[in-house]
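# Descriptive structure summary
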Amino acid sequence: MDLTPTAEEAEFRARLRAWLAVALPKLPPKPPPDDWPARRAYDTAWQRALYDAGYGDVHTHAPPALRLAFLEETELAGAPYVGANFVGLLHAGPTIAAEGTPEQRERWLEPILRGDEVWCQGFSEPDAGSDLASLRTRAVRDGDDYVVTGAKIWTSHAEVADWCELLVRTGPVAPGTNAHRGITWLAMPMDAPGITVRPLRTLAGTAEFAEVFLDEVRVPAANRVGEENDGWRVTMVTLSFERGTAFAGEVVACRRTLSCLARAARDNGRWDDAVLRRRLGRLHAEFTALWRLVQWNVSEAAATGGAPGTGGSVFKLRYSHARQDLYDAAADVLGPDAFDLGHDWTRDRLSTLAYTIAAGTSQIQRNIVAERTLGLPKGR
């Protein structure tokens, strides 16, 4: 990717900055972190504002340079991020754009981009986390529908979602066969009869995750993305977006957080500690390198017309640990304030504990890099 700013990028940044300067002061106060219906309304209203201003499709249709410029400018301005609809905008939407039929793209992409519909992700199960091949949620074809029975867990924002990107088993698992072959990717309406959502409260006291129980839920076969039993390939597209480009805005946010940390250290006297200064300097280098990797992954996805490759796993692996290091440093700078659950820093620090598990554990990412990049034998 050529990182030299173009006239188009400079014009885009100037126009976006001018719009943000007018739009951001008009935003209402952000809702409390544990009020997800209110946060959904807040996040989707912001997405609609972006859409009306011509920025709604930046995650799915903008060239790489403009996409990254958008992320930098909005984060540096303190604008809201994708929020409650991160699955729709960063996972499901790009997957449908890459793998869906023209009818499916027409049906789902526009409502996602307008902020009209929110998606959640139904991949993990109580006994199938990183090893998705062991999932047990079953879908049986009955005429024009699939009848789905099973359970999902760690389903982000399920209680406020309209749709779920759902992995189901449609093929048998026989000894000696590829268990991935029998998986299918469905778009399930969350208001369908037979769905029960049970929120899960996190360590930080919020309930953005949920268990989802499916009791003979009927999902139209027309909602299948890709062929039956070929859902694992479609899932790899989803996971590539999740690991390779979906965290891009968070890298910018971490760089901004690091600047705030440095200012806080100067204000409270911790800046005199040479060890701490070296620690913050190393983190600055780390997140600068991660941003360059984001640029690589986004440009690779654009060049191939689809999803990023194994660079997504390289990024996810390093970013997960760098984010934990960042908030460990924050605790060192803030001292006792870092243990106050009412403090944004504390909630963010607690959330970092999940990053080495979410979107595929660090162990899974190491296996992917070892096998697909280094050519090492497949792990047992």
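Residues numbered from 1 in each chain as written. Predicted model: local features only at pLDDT ≥ 70, side-chain atom pairs only at ≥ 80, totals over all residues. Heavy atoms only, no water.

## Side note on the packing of aromatic side chains
Tallying each qualifying case throughout the model produces 8 aromatic pairs. Both rings, one in Trp 108 and one in Trp 119, keep their centres 5.9 Å apart while their planes meet at 85°; by these two values the pair is edge-to-face. Of this pair, Trp 108 sits in helix α5 (residues 102-114) while Trp 119 sits in strand β1 (residues 119-122), and the two are 11 residues apart along the sequence. With respect to class, Trp 108 is no different from Trp 119; both count as buried. Over the ring of Tyr 146 we find Arg 141; its NZ or CZ atom is 5.4 Å from the centre of that ring. Residue placement shows Arg 266 over the ring face of Trp 271; its charged tip is 4.2 Å from the ring centre. (Phe/Tyr/Trp six-rings, centres within 6.5 Å; stacked < 30°, edge-to-face > 60°. Helix = DSSP H or I, 4+ residues; strand = E, 2+ residues; numbered from the N terminus. Buried < 20%, exposed > 50% of the residue type's maximum accessible area, 1.4 Å probe, protein only. Lys NZ or Arg CZ within 6 Å of the ring centre and 35° of its normal.)

## Digging into the nonpolar core
Phe 70, Val 251, Phe 287, Trp 291 and Leu 326 are the most contacted members of the largest nonpolar core, which has 39 residues in total. Sorting the residues of this core by element identifies α1 (7-23), α2 (36-52), α3 (64-76), α7 (248-268), α8 (274-304) and α9 (311-334) as the ones contributing at least two each. When residues no more than four places from it in sequence are discounted, the contact partners of Val 251 are Phe 287, Leu 290, Trp 291, Val 294, Phe 315 and Tyr 319. Counting 23 residues, the second largest nonpolar core, distinct from the first, contains Trp 108, Leu 109, Leu 113 and Leu 167. (Core = buried A, V, L, I, M, F, W, Y, C linked by side-chain atoms within 4.5 Å. Contact = heavy atoms within 4.5 Å.)

## A few points about the confidence of the model for the protein
One rule of thumb: low pLDDT means the predicted coordinates there are not for detailed reading. Looking at the protein as a whole, the pLDDT averages 82, with 78% of positions reaching at least 70. Confidence, expressed as mean pLDDT per element, reaches its minimum in the protein at helix α11 (residues 362-373) with 64 and its maximum at strand β3 (residues 145-152) with 97. (pLDDT = per-residue confidence, 0-100.)

## Digging into the pairing of strand β7 (residues 209-220)
Inspection of the sheet shows β3 paired to β7 by 7 bridges, in the antiparallel sense. By the bridge assignment, Gly 150 is partnered in β7 with Leu 214. With 6 bridges connecting them, strand β6 (residues 195-200) and β7 associate as antiparallel partners. Across the sheet, the residue bridging to Thr 196 is Phe 213, located in β7. (Pairing = 2+ DSSP bridges.)

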